[in-house]
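Topology and contacts: notes
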Amino acid sequence: MNPNVALRAPVSAVIPCFRCGGTIRRAVASAARQSLVPAELILIDDASGDGTLGILEILQREFGDHWVKVIALDRNSGPSGARNAGWDAASGKYIAFLDADDAWHPRKTEIQYAFMEAHPEVALCGHGHRRLSDGDSLNTQLRRPGYRSISLGALLLSNRFVTPSVIVRRDIALRFQAGKRHMEDHLLWIEIAAEGRRVARLNEVLAFTFKAPLGASGLSAHAWEMRKAELANYWILLRAGRLGLAATLALCAYSLAKHMIRSFLVAVRLERSAR
């Protein structure tokens, strides 16, 4: 579908881009082929320094400079800074996030926008996701209608949303914490819920990731970085007065226990595969 002539929703799609020349076309194409196309697609080059900006400019010409906006950051700001830059430049009623190595189901915008319009009390909405392999079809069958509310407590215990599943109201004053490079999305979801705003999760699988899951061989260091970032989030919330000390300590203990169990299971799996 041509995004320049398609019916559009007042949704600004934001994609942070850092050295993503090998995957960004798939992400952009999945946004352009929506049954209800976002009003604009904002691509933020996070000071890649490797030719990524040139690729984004080619995609801008290909998909239309009236639909694709390209922002080039002077210095690397990480996903938080890049998403915030796109958010600040957006004009849509809602902001939808997509990562450069992920993709959307063709009906994602249509379904999620309709839900947000029907539930104006909801400030943040996510949905299910699935890991695919390169070449798999994005037009998977939808079979799980409905949604459920996500409480602050549930968000504190675990991140219930992958970033490319989330749509938020643009007028929210909160932003991703500048300089934070891990679990920055989880912190924002918690902060939104902690303000008393409604958070919901659609049951349908409308986003697809193509990365190896945490716990795969070679990713243990990355898993620990993510765990440390989760622990840091709890202390950030404590200092902001959104959590008490007892709750913070309990959540840190729970997080560390999860990490130990996951590390043990990964070690067992690797040992068995080596036999």
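Note that this is a predicted model, so its numbers are computed, not measured.

1. Overview of the overall build of the protein chain
- A tally of regular secondary structure across the protein chain gives eight helices and nine strands.
- Taking 275 residues into account, the globule formula puts the C-alpha radius of gyration at 19 Å, and the protein chain, at 19 Å, falls close to it.
- By its C-alpha atoms, the protein chain is 55 × 50 × 45 Å across when sized along the principal axes.
- Taken across its 275 residues, the protein chain has 49% of its residues classed as buried.
- Sequence-distant contacts, at least 24 apart, represent 83% of the contacts inside the protein chain between residues at least 6 apart.

2. Considerations on the pattern of salt bridges
- On inspection of all chains with the given rule, the structure shows 13 salt bridges.
- A salt bridge links Asp88 to Arg175; the shortest N-O distance between them is 3.2 Å. Of this pair, Asp88 sits in helix H3 (residues 78-89) while Arg175 sits in the loop between strand S8 (167-169) and helix H6 (184-194), and the two are 87 residues apart along the sequence.
- Among the residues examined, Asp88 registers a relative accessible area of 56% and is labelled exposed.

3. A look at the packing of helix H1 (residues 24-32) against helix H2 (residues 52-63)
- For the pair H1 and H2, the least separation of the axes is 11 Å and the interaxial angle reads 25°. On the basis of their axis angle, the class for H1 and H2 is roughly parallel. Crossing of H1 over H2 shows right-handed handedness. Touching Ile24, Arg25, Val28, Ala29 and Ala32 of H1 are Ile55, Leu56, Leu59, Glu62 and Phe63, all from H2.
- By residue class, the composition of the contact of H1 with H2 is eight nonpolar, no polar and two charged.

4. Topic: the environment of Ala39
- On the secondary structure map, Ala39 appears in strand S2 (residues 37-45).
- C-alpha separation for the pair Ala39 and Ser12, spaced 27 residues apart in sequence, amounts to 5.9 Å.

5. Overview of the environment of Ser151
- Summarising the element assignment, Ser151 is placed in the loop between strand S7 (147-149) and helix H5 (152-157).
- In the structure, Ser151 is positioned 128 residues away from Thr23 in sequence and 34 Å away in space, judged by C-alpha atoms.
- Side-chain polar atoms of Ser151 contact the backbone nitrogen of Ala154, separated by 3.1 Å.

6. Side note on the pairing of strand S6 (residues 122-131)
- For S6, the buried fraction is high: seven of the 10 residues fall into the buried class.
- Bridging between S6 and strand S9 (residues 198-209) involves nine bridges; their strand directions are parallel. Counterpart to His129 in the pairing with S9 is Ala207.
- Two strands pair when backbone bridges link them, and S6 and S8 are joined in this way by two bridges, in the antiparallel orientation. Among the inter-strand pairings, Leu124 is bridged to a residue of S8, identified as Val168.

7. Let's talk about H6
- In terms of burial, H6 is a largely internal element, 10 of the 11 residues being buried.
- Three or more residues of H6 are buried, namely Glu184, Asp185, His186, Leu187, Leu188, Trp189, Ile190, Glu191, Ile192 and Ala193.
- Two residues or fewer after H6 comes Gly196, characterised by a positive phi angle close to 90°.

8. Quick word on H1
- Within H1, seven of the nine residues are buried, leaving the element largely enclosed by the surrounding structure.
- Buried residues along H1 sit in contact with strand S1 (8-17), S2, H2 and strand S5 (103-104).

9. Regarding the confidence of the model for the protein chain
- The predicted model of the protein chain averages 89 in pLDDT, with 93% of residues at 70 or higher.
- Note on residues 214-219: pLDDT under 50 across the span, and nine contacts to partners over four residues away in sequence or across chains.

10. A word on the packing of aromatic side chains
- Scanning the entire structure with this criterion turns up seven aromatic pairs.
- Ring geometry for Tyr94 and Tyr113: centres 6.0 Å apart, planes at 70°, overall edge-to-face. Of this pair, Tyr94 sits in strand S4 (residues 94-97) while Tyr113 sits in helix H4 (residues 108-118), and the two are 19 residues apart along the sequence.
- A residue is classified by how much of its surface remains accessible, and Tyr94, at 1% relative accessible area, is buried.
- For the ring pair Phe176 and Trp189, a centre distance of 6.0 Å and an interplane angle of 70° mean the geometry is edge-to-face. With Phe176 in the loop between S8 and H6 and Trp189 in helix H6, this residue pair connects regions lying 13 residues apart in the sequence.
- Judged by relative accessible area, Phe176 falls into the buried class, the value being 2%.
- On the accessibility criterion, Trp189 (0% relative accessible area) is buried.
- An aromatic cluster is present here, built from Trp87, Phe97, Phe176 and Trp189 joined pairwise through their rings.
- Here Arg83 stacks its cationic end above the ring of Phe176, 5.3 Å away from the centre of that ring.
- Geometry around Trp87 places Arg175 over its ring, the cationic atom sitting 4.1 Å from the centre.

What counts, and at which threshold
Residues numbered from 1 in each chain as written. Predicted model: local features only at pLDDT ≥ 70, side-chain atom pairs only at ≥ 80, totals over all residues. Heavy atoms only, no water. Helix = DSSP H or I, 4+ residues; strand = E, 2+ residues; numbered from the N terminus. Rg over C-alpha atoms; globule rule 2.2 N^0.38 Å. Buried < 20%, exposed > 50% of the residue type's maximum accessible area, 1.4 Å probe, protein only. Contact = heavy atoms within 4.5 Å. Salt bridge = Lys/Arg side-chain N within 4 Å of Asp/Glu carboxyl O. Axes fitted to C-alpha atoms, helices over the stretch in contact; angles between N-to-C directions. Parallel < 35°, antiparallel > 145°, perpendicular 65-115°, else oblique. Left-handed = near helix turned anticlockwise from the far one by under 90°. Nonpolar A, V, L, I, M, F, W, Y, C, P; charged D, E, K, R; others polar. Polar contact = N/O pair within 3.5 Å; in protein donor to acceptor, adjacent residues only side chain to side chain. Pairing = 2+ DSSP bridges. pLDDT = per-residue confidence, 0-100. Phe/Tyr/Trp six-rings, centres within 6.5 Å; stacked < 30°, edge-to-face > 60°. Lys NZ or Arg CZ within 6 Å of the ring centre and 35° of its normal.

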